[in-house]
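Below are the chains, spelled out letter by letter.
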Amino acid sequence: MAPNHWDPSTKSFSRPLRLADSITSAMTSISQPPGEDHLIVKVYGASILSLKDKRAIQDQVNRMLRLTDKDEQDVGYFHKLHPDAEDKGFGRLFRSPTLFEDVAKSLLIRFCPWKTSLDLAKALCDLQLKKVMSKRKRANISPIGDFPSPEELTNFREEELKSKGKFGYRAADLIILAKQVVDGKINLSKFEKDDIADEPSARFKLKINGAGPFTTHTIMMCSGYYHNIPIDSETIRHIKEFHGLNVRKRKKRSINFHTKDKIQQVYKLYHPFQCLAYWFELANSYEIKLGKALSELLPSEYHYATGNYEKKKKK
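Residues numbered from 1 in each chain as written. Predicted model: local features only at pLDDT ≥ 70, side-chain atom pairs only at ≥ 80, totals over all residues. Heavy atoms only, no water.

With an unreviewed UniProt entry as reference, the protein is termed HhH-GPD domain-containing protein, source organism Anisodus acutangulus.

Here the bond from Ala2 into Pro3 is cis, since omega is 10°, no more than 30 degrees from zero. Of the consecutive residues His271 and Pro272, the connecting peptide bond is found in the cis state with omega at 5°. Tracing the backbone through its elements, the reader meets Pro272 in the loop between α11 (257–266) and α12 (274–290). In this structure, Arg66 takes a positive phi of about 55° despite not being glycine. Of note, Arg66 is situated in the loop between α1 (51–65) and α2 (69–81). With a phi close to 50°, Phe111 is a non-glycine residue in the positive phi region. Secondary-structure assignment places Phe111 in the loop between α4 (99–108) and α5 (114–133). On the basis of relative accessibility, which here comes to 38%, the residue Phe111 falls in the partly exposed class. (Helix = DSSP H or I, 4+ residues; strand = E, 2+ residues; numbered from the N terminus. Buried < 20%, exposed > 50% of the residue type's maximum accessible area, 1.4 Å probe, protein only.)

For the pair α4 and helix α8 (residues 170–182), the least separation of the axes is 10 Å and the interaxial angle reads 160°. The angle between the axes of α4 and α8 places the two elements in the roughly antiparallel class. Crossing geometry of α4 relative to α8 is assigned as right-handed. Only Arg170, Asp173, Leu174, Leu177, Ala178 and Val181 of α8 make contact with α4, whose side of the interface consists of Phe100, Val103, Ala104, Leu107 and Leu108. Along the lines of polarity and charge, the residues of the contact of α4 with α8 split into nine nonpolar, no polar and two charged. (Axes fitted to C-alpha atoms, helices over the stretch in contact; angles between N-to-C directions. Parallel < 35°, antiparallel > 145°, perpendicular 65-115°, else oblique. Left-handed = near helix turned anticlockwise from the far one by under 90°. Contact = heavy atoms within 4.5 Å. Nonpolar A, V, L, I, M, F, W, Y, C, P; charged D, E, K, R; others polar.)

Spelled out as structure tokens, the structure:
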């Protein structure tokens, strides 16, 4: 989702990242030399980077790619439970440079087609760039818009968001979230993962407007808690197709407890990494349907990575 950009021809990733002041965004690219075990991180547009700026960029890269010692430990544990994932080098789920962006994007994927979610994320970044460029004293050195910070999002008006895309009720949810974070009513830092054996249920009773079980479990997954699978219609479809289970479709935007428990039981062998096992299957199923690796997709093809792709193709 915007502002993330993957170039399959050069195998490089780019997006704006925040410098130490949390205000200025700088376009950053990440690549890995063939056959090497290190990354090359380039920051564009900034003549001088302070030590604090370099640390800020490094922390964001580490979070996105899950390069911490704890993430490495998690991958090791998961591979012992799932040899097939180890053979394919699968064990990390990409996430945003900040938990706030993960939470906001989790609100964007509720009850709408995947393409709509992609469009909404891009609309937020476009609007962020427009607002930052209008403030001469705070010039953004990134050529494209960054995902808005909580402080920036509080300055967005609900009507303004709705005029830029199909935000609907999501517009109010996003602005309320940003204000709660800025006011200190929600402290997202306490939800980041510290201990693999820690039980986060009590910690994740998030009072986020519009965040139901699916959104909350998606946020938990981004934070490093993999034992609760975020269940939506895509999950139901996959369980039916891949495992042949007779599970009921959602009715009135809800999924009954029996269905949730049935899905959780499928992946209990991989506790506490059920989400990783689920996404390993889902990613592989997408690649089979699309006929190529997800890393080969162009940005214009991202919306094909959905269970409804075959239906749309037939139509």
